[in-house]
Amino acid sequence: MTVDRHPIAKYFPTLVFFILFSHHSIGQTGPGGVGNSTNNVIWLDAHALNFSDGTPIAIWDDHSGNANNFSQAASTQRPLYNSTGIGGVSSLTFDGFNDIMESSSIAALESANVTYFIVYDRTTTTSDMIITADYTSNFKKWRTYMNNGQNTLLSAHYSPSIKWVRFTDPPGSSFFSTHITPTQIRTYNQGDLEMSRTANYTIPTGHNNVYIGNRNPCLLYTSDAADDSLRVDLGGRRIIKK
């Protein structure tokens with residue numbers, strides 16, 4: 001199977017996280033005090049890494065408590081560690097050619113609700129995939145990507161036809177989030193709602209991988225629990241719901 005997972009040229013992620021939320025969780029230990037290991041599925045934080053600048057990164061450890069680490073076995077496809085990548089905060093630099101990191105199968109992502117936040121920087125507007133998820137039931141079930149030569153960031157899911165939301169995103173440091181529910185998809189840029197649309201989401205089965213290219217921190221949740229909080233603090237970068 002060929003995976004459409006080309007990284008954005010010179011992309012610098014610092015934080016990525018995914019959330020699967022139940023609305024009455026206790027013992028909040030996740031990013032910005034949102035969630036815990038039960039509903040924070042993935043939490044990748046480049047600031048938690050400690051390497052010399054330019055070191056190729058083979059494994060990006062998950063800090064959610066679920067050990068959903070991302071890795072790259074091929075030495076020529078590993079992003080490089082940058083201690084001052086975004087605003088003086090550590091990041092990983094993806095080359096925009098073939099650098100990519102991927103997870104193994106994560107059953108928790110077979111969910112009706114998926115929310116993910118990504119803090120990043122980029123230097124070009126090549127056609128590229130920022131993040132995508134592969135399931136047995138749906139190859140490329142949901143994703144965030146760009147089309148060549150456009151300053152537009154699109155998030156979409158296939159249930160089974162494509163449903164997308166988008167916003168204008170010039171090169172430079174920023175963060176965005178995408179929220180998928182059973183009946184809606186929406187995207188935020190710098191904490192501001194950019195676009196939402198009604199879109200029925202069918203629950204996928206047989207999760208295989210999540211692929212990430214060119215980014216800094218990342219959080220991934222599986223439920224809309226992030227919506228219970230008006231703000232999420234990502235290492236000094238605040239996502240504030242308007």
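A. Representation of the overall build of the chain in the model. Across its full length, the chain carries zero helices and 19 strands. For the chain, the proportion of its 242 residues judged to be buried stands at 54%. When contacts within the chain are restricted to residue pairs at least 6 apart in sequence, those whose partners lie at least 24 apart make up 66%. When the accessible surface of the chain is totalled, it reaches about 9600 Å², and 49% of it is carbon and sulfur.

B. Focus on the packing of aromatic side chains. For the structure shown, the criterion picks out four aromatic pairs. Relative to Trp142, the ring of Tyr116 has its centre 5.2 Å away and its plane inclined at 25 degrees; by these criteria the two rings are stacked. Placement of Tyr116 in strand E8 (residues 114–120) and of Trp142 in strand E10 (residues 142–146) is noted, with a sequence separation of 26 residues between them. Assigned by exposure class, Tyr116 and Trp142 land together as buried. Taken together, a centroid distance of 6.3 Å and an interplanar angle of 85 degrees make the contact between Tyr116 and Phe176 edge-to-face. Of this pair, Tyr116 sits in strand E8 while Phe176 sits in strand E13 (residues 174–180), and the two are 60 residues apart along the sequence. Members of the aromatic cluster, connected to one another through ring pairs, are Tyr116, Tyr120, Trp142 and Phe176.

C. Focus on the nonpolar core. Membership of the largest hydrophobic core comes to 34 residues, with the highest contact counts inside it found for Trp60, Phe70, Leu92, Ile131, Trp142 and Val210. When residues of this core are traced back to their parent elements, those giving at least two are strand E2 (40–45), E8, strand E9 (128–135), E10, strand E12 (162–168), E13 and strand E16 (207–212).

D. A look at the pairing of strand E6 (residues 89–93). When you tally the buried positions in E6, you get five out of five residues, the bulk of the element. Alternating positions in E6 separate into two faces, Val89, Ser91 and Thr93 on one and Ser90 and Leu92 on the other, with burial throughout. Between strand E5 (residues 80–86) and E6, which pair antiparallel and follow one another directly, the connecting turn spans two residues, one of which, Gly87, has a positive phi of 55 degrees.

E. Summary view of the environment of Phe139. Assignment of secondary structure puts Phe139 in the loop between E9 and E10. Judged by its relative accessible area of 30%, Phe139 is partly exposed. As for Phe139 and Pro204, which are separated by 65 residues in sequence, their C-alpha atoms are 9.7 Å apart.

F. Representation of the confidence of the model for the chain. Model confidence for the chain is summarised by a mean pLDDT of 77, while 71% of its residues fall at 70 or above. Ranking the elements of the chain by mean pLDDT puts strand E19 (residues 237–240) last with 36 and strand E15 (residues 192–198) first with 95. Confidence drops under a pLDDT of 50 for residues 223–242, and excluding neighbours within four residues, the segment shows 66 contacts in the predicted structure.

G. Quick look at unusual backbone geometry. The omega torsion of the bond from Ser159 to Pro160 falls at -5 degrees, within 30 degrees of zero and hence cis. One can find Pro160 in the loop between strand E11 (152–158) and E12. The phi angle at Ala67 is positive, at roughly 60 degrees, despite the residue not being glycine. For Ala67, the location among the structural elements is in the loop between strand E3 (59–60) and strand E4 (70–71). Phi is positive for Lys140, close to 60 degrees, though the residue is something other than glycine.

H. Region of interest: the pairing of E15. Relative to E15, strand E14 (residues 184–189) runs antiparallel, the two being bridged by six bridges. Paired with Thr187 across the strands is Met195, a residue of E15. In this antiparallel pair of consecutive strands, E14 and E15, the connection spans two residues, and Gln190 shows a positive phi of 55 degrees.

I. The side chain of Asp62, seen in detail. Tracing the chain through its elements places Asp62 in the loop between E3 and E4. At 2.7 Å, the side chain of Asp62 forms a polar contact with the side chain of Ser64. Among residues more than four places away in sequence, those in contact with Asp62 are Val41, Ile42, Trp43, Leu44, Ala67, Asn68 and Asn69.

J. The arrangement of the side chain of His207 in detail. Here His207 shows up in strand E16. A polar contact is formed between the side chain of His207 and the backbone oxygen of Asn209, at a distance of 3.2 Å. When sequence neighbours within four positions are dropped, the list of residues in contact with His207 reads Ser103, Ser104, Ser105, Ile106, Leu109, Glu110, Asp134 and Tyr135.

Each value, and the rule that gives it
Residues numbered from 1 in each chain as written. Predicted model: local features only at pLDDT ≥ 70, side-chain atom pairs only at ≥ 80, totals over all residues. Heavy atoms only, no water. Helix = DSSP H or I, 4+ residues; strand = E, 2+ residues; numbered from the N terminus. Buried < 20%, exposed > 50% of the residue type's maximum accessible area, 1.4 Å probe, protein only. Contact = heavy atoms within 4.5 Å. Areas by Shrake-Rupley, 256 points an atom, 1.4 Å probe, with all protein chains shown as cover. Phe/Tyr/Trp six-rings, centres within 6.5 Å; stacked < 30°, edge-to-face > 60°. Core = buried A, V, L, I, M, F, W, Y, C linked by side-chain atoms within 4.5 Å. Pairing = 2+ DSSP bridges. pLDDT = per-residue confidence, 0-100. Polar contact = N/O pair within 3.5 Å; in protein donor to acceptor, adjacent residues only side chain to side chain.

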